[in-house]
Amino acid sequence: MMRMFKNLIGIIFILCLAGCRSELAYQQGSAVKIDVITNNNNNVNIFDVVDHHYYVKLETTAESLIDRVDKVICQQNKIYVLDTKSAAVIVFDEQGKFLFNVRKRGNGPGEYTYLRDLDVDEEGNMYLVDLMTRNVLKYSPEGTYTSTFAQHSYVSNIAVLDHTTYATYLPSFADSNFDDMIILRNEEKVVDSYLKADVKPNDLYSLKMSSLLRSEESILFNRDLSDTIFSLDRSGAYPKYFLDFGDYSIKPNARHDRKSFTIGLPNIKEGYSINNFYETEDYFTCSFNLKSKSWSLYYAKDSGNYIFFDCAGCDVGTMKVLGYMNARSVAGDYFVSVLAYDNIAPYKENLAGKYAETTRKLLGEENISFVSEFDPEDNPVLVFYSLSKF
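Source: prediction; values computed, not measured.

### A short note on the overall build of the protein
- A tally of regular secondary structure across the protein gives three helices and 29 strands.
- Going through the 390 residues of the protein one by one, you find that 55% of them count as buried.
- Put simply, of all contacts in the protein between residues at least 6 apart along the chain, 54% involve residues at least 24 apart.
- Here the protein displays about 17,400 Å² of accessible surface, and carbon together with sulfur accounts for 48% of that area.

### Comments concerning the packing of aromatic side chains
- Inspection of the entire model under this criterion finds 19 aromatic pairs.
- Ring centres 4.9 Å apart and planes at 5 degrees place the aromatic pair Tyr54 and Phe384 in the stacked group. Within this pair, whereas Tyr54 is found in strand β6 (residues 50-57), its partner Phe384 is found in strand β29 (residues 381-387), the two being separated by 330 residues in sequence.
- Note on Phe384: relative accessible area 5%, which makes it buried.
- The interplanar angle of 70 degrees and the centroid separation of 6.1 Å between the aromatic rings of Phe92 and Phe98 together place this pair among those described as edge-to-face. Pair check on accessibility: Phe92 and Phe98 agree, each one buried.
- Ring-pair connections join several aromatic residues into one group, and the members of that group are Phe245, Phe288, Trp295 and Phe308.

### Observations regarding the packing of helix α1 (residues 341-351) against helix α2 (residues 356-363)
- It is the contact of α1 with α2, at a shortest axis distance of 7 Å, that shows an interaxial angle of 130 degrees. The angle between the axes of α1 and α2 places the two elements in the oblique class. Touching Tyr347, Asn350 and Leu351 of α1 are Ala356, Thr359, Arg360, Leu362 and Leu363, all from α2.
- Broken down by class, the residue content of the contact of α1 with α2 amounts to five nonpolar, two polar and one charged.

### Here we look at unusual backbone geometry
- For Arg134, which is not glycine, the phi dihedral falls at a positive 60 degrees.
- Looking at the element boundaries, Arg134 is found in the loop between β12 (126-130) and β13 (135-139).
- Despite not being glycine, Asn276 has its phi angle at roughly 50 degrees, a positive value.
- Looking at Asn276, the relative accessible area reads 18%, which means it is buried.

### Here we look at a negative patch on the surface
- Residues Glu122, Glu123, Glu216, Glu217, Glu281, Asp282 and Asp333 make up a contiguous surface patch of negative charge.
- Checked against the element boundaries, Glu123 lands in the loop between β11 (115-120) and β12.

### Observations concerning α1
- All of the buried residues along α1 are Ile344, Ala345, Tyr347 and Leu351.
- Buried residues belonging to α1 abut β28 (334-339), α2, α3 (365-373) and β29.

### Things to note about the nonpolar core
- If you look at the biggest cluster of nonpolar residues, it comprises 50 residues, and the most contacted ones within it are Phe284, Phe288, Leu297, Tyr298, Phe335, Tyr385 and Leu387.
- Every residue in contact with Leu387, bar those within four places of it in the chain, is listed here: Val49, Val50, Asp51, Tyr283, Tyr298 and Phe335.

### Regarding the environment of Asn350
- Checked against the element boundaries, Asn350 lands in helix α1.
- A sequence separation of 10 residues divides Asn350 from Arg360, and the C-alpha atoms of the two residues are 8.9 Å apart.

### Considerations on the sheet that holds β28
- Ordered in space as β6-β29-β28-β27, the four strands form an open sheet in which the pairing is antiparallel. Taken across any chain shown, the strands that pair with only one partner, and hence form the sheet edges, are β6 and β27 (329-331). Each strand of the sheet is rotated relative to its neighbour by a mean of 30 degrees, with strand direction disregarded.
- Pairing of β27 with β28 involves three bridges; the strand directions are antiparallel. Residue pairing across strands places Ala331 opposite Tyr334, the latter belonging to β28.

### A word on the sheet that holds strand β18 (residues 189-196)
- Here four strands make up an open sheet; going across it, the order is β15-β16-β17-β18 and the pairing antiparallel. Each edge of the open sheet is held by one strand with a lone partner, namely β15 (157-160) and β18. The mean angle between the axes of side-by-side strands here comes to 20 degrees, regardless of whether they run parallel or antiparallel.

### Observations concerning the pattern of salt bridges
- Applying the stated rule across the entire model yields 10 salt bridges.
- When the shortest N-O distance is used, the salt bridge between Lys33 and Asp244 registers 3.1 Å. Of this pair, Lys33 sits in strand β4 (residues 31-35) while Asp244 is found in strand β22 (residues 236-244), placing the two residues 211 residues apart along the sequence.
- Asp70 is the partner of Arg68 in a salt bridge, and the nearest nitrogen-oxygen pair spans 3.0 Å.
- Looking at Arg68, the relative accessible area reads 39%, which means it is partly exposed.
- Overall, Asp70 belongs to the buried group, its relative accessible area being 13%.

What counts, and at which threshold
Residues numbered from 1 in each chain as written. Predicted model: local features only at pLDDT ≥ 70, side-chain atom pairs only at ≥ 80, totals over all residues. Heavy atoms only, no water. Helix = DSSP H or I, 4+ residues; strand = E, 2+ residues; numbered from the N terminus. Buried < 20%, exposed > 50% of the residue type's maximum accessible area, 1.4 Å probe, protein only. Contact = heavy atoms within 4.5 Å. Areas by Shrake-Rupley, 256 points an atom, 1.4 Å probe, with all protein chains shown as cover. Phe/Tyr/Trp six-rings, centres within 6.5 Å; stacked < 30°, edge-to-face > 60°. Axes fitted to C-alpha atoms, helices over the stretch in contact; angles between N-to-C directions. Parallel < 35°, antiparallel > 145°, perpendicular 65-115°, else oblique. Nonpolar A, V, L, I, M, F, W, Y, C, P; charged D, E, K, R; others polar. Patch = residues over 30% accessible without salt bridge, like charges linked within 9 Å, V, L, I, M, F, W, Y side chains within 5 Å. Salt bridge = Lys/Arg side-chain N within 4 Å of Asp/Glu carboxyl O. Lys, Arg positive; Asp, Glu negative; His and termini not counted. Charge placed at Lys NZ, Arg CZ, Asp CG, Glu CD. Core = buried A, V, L, I, M, F, W, Y, C linked by side-chain atoms within 4.5 Å. Pairing = 2+ DSSP bridges.

Interpretation in functional terms is not warranted from these geometric data alone.
Structural data, given as structure tokens:
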């Protein structure tokens, strides 16, 4: 249960403009309000709240090559990577050893034409969304095709709720026989739906990659251009977190006016793109756009404190954890971020230059080998990190 606090302690900028704040856990319905506008210019290091971290290098083979990481799911002692650019799901064990892949682009049985999303049930079965054919394809824990479930409408995202039921998200522009955005099915049979779409003919839409995201047993939902994150289960969707963007919020009437969103209008182009929303038992995180920058936020459920920061210009010499702390998955008490070669290159260069001693101390001896050997052709590295109390 989240504790309510009335005392404000302000927001402090971290590294390259960051904030940490505590306030009354305001309820928007049952949602905790997080004010992301108020701030001041104190300095705190975000990496000081990392309690423990470790790296998992995903094995690079001819069959395991990852072109782009669109989604990561850590479940059943496996790591599932969705790569829509190469239309594949690549599966590794928890140490990063390649196990198998699903690369089934085509028009035949068990194949897809436009791989859009992925989720995994408690038994390890994989559910893949084919946006163009309006199908959900099911594969066994070993990657063998088993069945296809016709959706009869465009589906953007999927989340498995239990062993019989999965939820799909219908984006606001989809041609559909449904008035609701969330549709629950048992195979092809519709068993429930909720969250009325409230769509008008000239509505603005912005289809982001993931509106339904899994944090182990928790499913969170955030629709396009919305400031509210919902918790989703078999019985319904409930407001859980509300990001207050103040004057930068999209007003309800503006949502129905495409002209209001012409590129270049500073009063409305901000504060609506919420991504990478995940939670552990003790913390919630997400990223969002504000004042022409992309920010990451971490909220402590127990204390009501939160931190948000922009690391676009961070000094790599101060980063105690490689990468920019932008979560892409959850594994137990750990958030998981993705580390590509571009993130590692500055450290690799420093290890071979005049900053070698400082860099070795920063990285720690256990990480120097993998940084030194990391090549541009290698698969990404996953960073697992837990947080201390703040």
